[in-house]
Amino acid sequence: QTAQLHCKADGFPIPKIIWKKLQSTLPLSRSHVFGNGSLSLSNVHSYDAGSYACRAESLFGSATAYATVVVRVPVRFSYVPPKRIFVTPGKTLMLRCSATGYPQPTVTWSRSAGQFSASTSVTNGTLTIKEI
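Residues numbered from 1 in each chain as written. Predicted model: local features only at pLDDT ≥ 70, side-chain atom pairs only at ≥ 80, totals over all residues. Heavy atoms only, no water.

(A) Focus on the pattern of salt bridges. In total, this model carries three salt bridges according to the counting rule given. Glu 57 is paired through a salt bridge with Arg 55; the nearest N and O atoms lie 2.8 Å apart. A residue is classified by how much of its surface remains accessible, and Arg 55, at 33% relative accessible area, is partly exposed. (Salt bridge = Lys/Arg side-chain N within 4 Å of Asp/Glu carboxyl O. Buried < 20%, exposed > 50% of the residue type's maximum accessible area, 1.4 Å probe, protein only.)

(B) Summary view of the nonpolar core. Leu 5, Ile 17, Trp 19, Leu 26, Leu 39 and Tyr 52 are the most contacted members of the largest nonpolar core, which totals 13 residues. Taken together, the elements giving at least two residues each to this core come down to strand S1 (3–5), strand S2 (16–21), strand S4 (39–41) and strand S5 (50–58). With three residues, S5 is the single largest residue contributor to this core. Once you skip the residues sitting within four places of it in the chain, Leu 26 turns out to touch Trp 19, Lys 20, Lys 21, Ser 31, Leu 39, Leu 41 and Tyr 52. (Core = buried A, V, L, I, M, F, W, Y, C linked by side-chain atoms within 4.5 Å. Helix = DSSP H or I, 4+ residues; strand = E, 2+ residues; numbered from the N terminus. Contact = heavy atoms within 4.5 Å.)

(C) Quick look at the sheet that holds strand S8 (residues 93–95). Strand order in the open sheet formed by three strands is S8-S11-S10, and the pairing between neighbours is antiparallel. Looking along the sheet, the strands with just one partner apiece sit at the ends: S8 and strand S10 (120–123). Each neighbouring strand pair of the sheet contributes to a mean axis angle of 15°, computed without reference to strand direction. In this structure, S8 lies alongside strand S11 (residues 126–129), joined through three bridges in antiparallel fashion. Bridged to Leu 95 within S11 is Leu 127. (Pairing = 2+ DSSP bridges. Axes fitted to C-alpha atoms, helices over the stretch in contact; angles between N-to-C directions.)

(D) Here's a closer look at a nonpolar patch on the surface. Together, Val 70, Val 73 and Tyr 102 make up a nonpolar patch on the protein surface, roughly 270 Å² of accessible area in all. Its location among the elements puts Val 73 in strand S7 (residues 73–79). Take Val 73: its relative accessible area is 32%, and that puts it in the partly exposed class. (Patch = residues over 30% accessible without salt bridge, like charges linked within 9 Å, V, L, I, M, F, W, Y side chains within 5 Å. Areas by Shrake-Rupley, 256 points an atom, 1.4 Å probe, with all protein chains shown as cover.)

(E) Representation of the pairing of S7 in the model. Little of S7 is tucked away: zero of the seven residues are buried. Looking at chain direction, S7 and strand S9 (residues 98–102) are connected through four bridges and run antiparallel. Each residue of the ladder has a partner; that of Val 73, found in S9, is Tyr 102.

Dropping the structure here:
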């Protein structure tokens, strides 16, 4: 997708608008500053997230405004447990599942038939069932 940041400054002479990404550089091949002062970032990636500065400069001074870009990243599983697992009765079963995205997704577990027993817990996406 494309992100648009707007920056408008008035004055005489008309100020020049300069955009910068703080603690990094603007992606030159994917960024464009329009005549009205707006910044366009095309093909936005997670690493485009961060703070941006719009600086308006003229012969008589300058002013700076800041904007923050938050990039939402769709959820993707980074690890999925096997579909079928064989367990020895009386042993503990641990099933790990993890996902990435922004904001960070929370992994939850459910059971198709009824509730989990009291000896079941979920920690950081890992399902633990004691004494199956």
